[in-house]
Amino acid sequence: MAPVARVRSVVLDCPEPYELARFYAQVAGGTPVEENADWVVLQIPGGPRLAFQRAPGLTPPEWPRADRNAQQFHLDFDAGSTWEEIDAAHEKVLALGARPLDLEDREKKDFQVYADPAGHPFCLCRIEHP
């Protein structure tokens, strides 16, 4: 079946669009382009286009709650195939302003969960590459 449309952007609401775009540019690459004070676009090299839209008074998700103010989606990042690579990425995202949400169960899960500076959850994933 032919698609109805193609995905253009994943848009994140946030209080400070340019600052959050800069955070994700440092995580995944690309250069933020401020179209206006309320809308900033980041084209990740070889990846999706993220856009950041000003939302004054945004209340971040209460991860991992599903009953009230739940996350609506999150971003997964391939941070390498070893835990050493994940640990290095962990240190870098913390230095950029992320905060840990779930670092438990390395034996059972191949990801760690963080909140970006605006409070949106994202994951650093350990992906085995063939």
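Conventions and cut-offs
- Residues numbered from 1 in each chain as written.
- Predicted model: local features only at pLDDT ≥ 70, side-chain atom pairs only at ≥ 80, totals over all residues.
- Heavy atoms only, no water.
- Helix = DSSP H or I, 4+ residues; strand = E, 2+ residues; numbered from the N terminus.
- Expected span 1.5 Å × (residues − 1).
- Phe/Tyr/Trp six-rings, centres within 6.5 Å; stacked < 30°, edge-to-face > 60°.
- Buried < 20%, exposed > 50% of the residue type's maximum accessible area, 1.4 Å probe, protein only.
- Core = buried A, V, L, I, M, F, W, Y, C linked by side-chain atoms within 4.5 Å.
- 1 Å grid on protein atoms, 1.4 Å probe; cavity = no way out; pocket = protein on both sides within 12 Å on 5 of 7 lines; lining within 4 Å.
- Points joined across faces, edges and corners; volume = space filled by probe spheres on them.
- Pairing = 2+ DSSP bridges.
- Axes fitted to C-alpha atoms, helices over the stretch in contact; angles between N-to-C directions.
- Contact = heavy atoms within 4.5 Å.
- Lys, Arg positive; Asp, Glu negative; His and termini not counted.
- Salt bridge = Lys/Arg side-chain N within 4 Å of Asp/Glu carboxyl O.
- Polar contact = N/O pair within 3.5 Å; in protein donor to acceptor, adjacent residues only side chain to side chain.

S.K.: So what exactly am I meant to see when it comes to helix α1 (residues 17-28) here?
M.R.: Between its first and last C-alpha, α1 extends 16 Å over 12 residues, near the 16 Å set by a 1.5 Å rise per residue. Backbone geometry just after α1 places G29 at a positive phi near 100°.

S.K.: How do you make sense of the packing of aromatic side chains when you look at a structure like this?
M.R.: Aromatic ring pairs are reported here in terms of the distance separating the ring centres and the angle at which the planes meet. Applying the stated rule across the entire model yields seven aromatic pairs. Consider the rings of F23 and Y24, whose centres lie 5.0 Å apart with planes at 85°: the pair is edge-to-face. Plain terms: the ring middles of F77 and F122 are 6.0 Å apart, the flat faces sit at 85° to each other, and that makes the pair edge-to-face. Remark: F122 occurs in strand β8 (residues 121-125) and F77 occurs in strand β5 (residues 75-78); sequence separation between them is 45 residues. You can call F122 buried: its relative accessible area is 0%.

S.K.: I would appreciate a short explanation of the nonpolar core in the present structure.
M.R.: A general feature of soluble globular proteins is that nonpolar side chains tend to end up buried together. In terms of nonpolar packing, the biggest core is built from 24 residues, with L20, Y24, F52, F122 and L124 touching the most fellow members. Where this core is concerned, the elements lending two or more residues are β1 (10-14), α1, β3 (39-43), β4 (49-54), β5, α2 (83-96) and β8.

S.K.: Sorry, what's going on with the layout of surface pockets here?
M.R.: The rolling of a water-molecule-sized probe over the atoms marks out the regions of remaining empty space. There is about 230 Å³ of room inside the largest pocket. Taken together, 17 residues make up the lining of the largest pocket; nearest its centre are L58, P61, Q72, F73 and H120. Among the elements that line the lining of the largest pocket, the one with the most residues is β1, at three residues.

S.K.: Would you take a moment to explain the sheet that holds β5 for this structure?
M.R.: Either a parallel or an antiparallel arrangement is found when strands of a sheet pair, and the pairing is made through backbone hydrogen bonds. Strand order in the open sheet formed by four strands is β5-β8-β7-β6, and the pairing between neighbours is mixed. In this open sheet, the two strands that pair with only one neighbour each are β5 and β6 (99-102). Pairs of neighbouring strands in the sheet enclose a mean axial angle of 35°, with direction left out of account. Sheet topology note: the β6/strand β7 (residues 111-115) ladder contains three bridges and is antiparallel. Pairing of P100 across the sheet is with Y114, part of β7. Contacts from α1 reach β5 and β8 within the one sheet, and its direction differs from that of β5 by about 30°. Along the sheet face, α2 touches β6, β7 and β8 and points at about 5° away from the line of β7.

S.K.: Before we go on, may I ask you to explain the side chain of R49 in this structure?
M.R.: By the element assignment, R49 lies in strand β4. No salt bridge is formed by the buried R49; its nearest oppositely charged neighbour, E35, is found at 4.6 Å. At a separation of 2.5 Å, a polar atom in the side chain of R49 contacts the side chain of S9.

S.K.: Any chance you could explain the pairing of β5 here in plain terms?
M.R.: Side-chain direction in a regular strand flips from residue to residue, so the side chains alternate between the two faces of the sheet. Across the two faces of β5 the burial differs, with L75 and F77 buried and D76 and D78 not buried at all. Here β5 pairs with β8 via four bridges, running parallel. If you follow L75 over to β8, its bridge partner there is F122.

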